[in-house]
Amino acid sequence: MSEVKIVAETRSEFGKGAARRIRRDNKVPGVLYGHGSDPLHLTLPGHELLMALRTPNVLIALDIDGKSSELAIPKSVQRDAIKGFLEHVDLQLVQRGETVSVEIYVHTEGELAPGGNLLEHVLNTLPVEAEATNIPESVTVSVEGLEAGASVLAKDIPLPAGTKLGVDGDTVVLQVLAAQAEESAEGEGDEAAEA
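So, here is what we can say about the structure in this document. Worth saying up front: this structure is predicted, and the values here are computed from it rather than measured. (Residues numbered from 1 in each chain as written. Predicted model: local features only at pLDDT ≥ 70, side-chain atom pairs only at ≥ 80, totals over all residues. Heavy atoms only, no water.)

1. So, the environment of E120
Stage number 1. Mapped onto the fold, E120 is located in strand β8 (residues 118-121).
Stage number 2. Between the alpha carbons of E120 and T99 there is a distance of 30 Å; along the sequence they are 21 residues apart.
Stage number 3. Aside from chain neighbours lying at most four places away, what touches E120 is V173, L174, Q175 and L177.
Stage number 4. Side-chain polar atoms of E120 contact the side chain of Q175, separated by 2.5 Å. (Helix = DSSP H or I, 4+ residues; strand = E, 2+ residues; numbered from the N terminus. Contact = heavy atoms within 4.5 Å. Polar contact = N/O pair within 3.5 Å; in protein donor to acceptor, adjacent residues only side chain to side chain.)

In C-alpha cells, the structure reads:
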C-alpha cells in the first residue's frame, strides 16, 4: 500500500460556523486521535483528501503545519447526503510496524453452479488485523461451481501474508441460495380463477 501525502493545518475554531467557513474554502475539518494523545483538530485540503479516500484503508502521511509528520488511517468519514462532498473526517494515528484493525472488501470471481442460484454476501467487508503500512485493499474469493446450500466461511478466505482474521473463523461470509420457484405463485392464481 502506498502512502498519500497531505498537508494539514491545525485549527483553533470549532462549531458549525467555523466548519462552514472551512468547507467554503474547499477544505475539510478533521480530528486526529490515537496513542493516548489529545485529539488534534485539523483542516485538510478537500480535493486531495477526497482523492486519497478513493483507496480503501488508505495510509495518509500528514505534514502538520510544516512542523510534524504523522501517519494516519481514516476511521470515520462524513459526507453530505445529497451532494456527496466531505463534511468531516476522523483519522487514527498509526505507527510503522503497528497492527491495526480494519475492514477490507470481499470480491468474488467465478460462476455459480447452473440452476439459477443466488449468491448472498452475508459480509461485504471482512474485519482483519494487519500491519499499518501493509493493509490489503480487498480479498478475492472464488465461487466457481458452488451449489445451493454452500457457504464460504471466514477461515476459508485466503488472506495476504501478515494479515489475520478479526472475526471468528466460522463466521459465514458468503452463501449460495436456491432460486425461488415461481410455480407456486402461478398455481395460486389458477386456484383463485377456478373458485
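So much for the structure itself; the text now carries on.
2. A short note on helix α1 (residues 16-24)
Stage number 1. What α1 keeps buried is the set A18, A19 and I22. Axial view of α1: buried residues confined to an arc of 100 degrees, hence all on one face. Exposed positions of α1 whose direction lies more than 90 degrees from the buried face are K16, R20 and R24.
Stage number 2. Those residues of α1 that are buried are in contact with β2 (27-34) and β3 (37-45).
Stage number 3. Positive backbone phi, at 60 degrees, marks N26, one or two positions downstream of α1. (Buried < 20%, exposed > 50% of the residue type's maximum accessible area, 1.4 Å probe, protein only. Arc of directions from axis to C-beta.)

3. Some words on the sheet that holds strand β9 (residues 125-131)
Stage number 1. Pairing in this open sheet of four strands is mixed, and the strands run β10-β7-β9-β12 from one edge to the other. Edge positions in the sheet fall to β10 (138-142) and β12 (164-165), since each has one partner strand and no second. (Pairing = 2+ DSSP bridges.)

4. Some remarks on the sheet that holds strand β6 (residues 86-94)
Stage number 1. Within the closed barrel, the six strands sit side by side as β1-β3-β2-β6-β5-β4. Their pairing is mixed. Along the sheet, successive strands turn relative to each other by an average axial angle of 45 degrees, direction set aside.
Stage number 2. In this sheet, β6 lies alongside β2 in parallel orientation, the contact comprising four bridges. Counterpart to V31 in the pairing with β6 is D90.
Stage number 3. Contacts between α1 and the sheet are confined to β2, β3 and β6, with β2 contributing the most and set at about 120 degrees to the helix. (Axes fitted to C-alpha atoms, helices over the stretch in contact; angles between N-to-C directions.)

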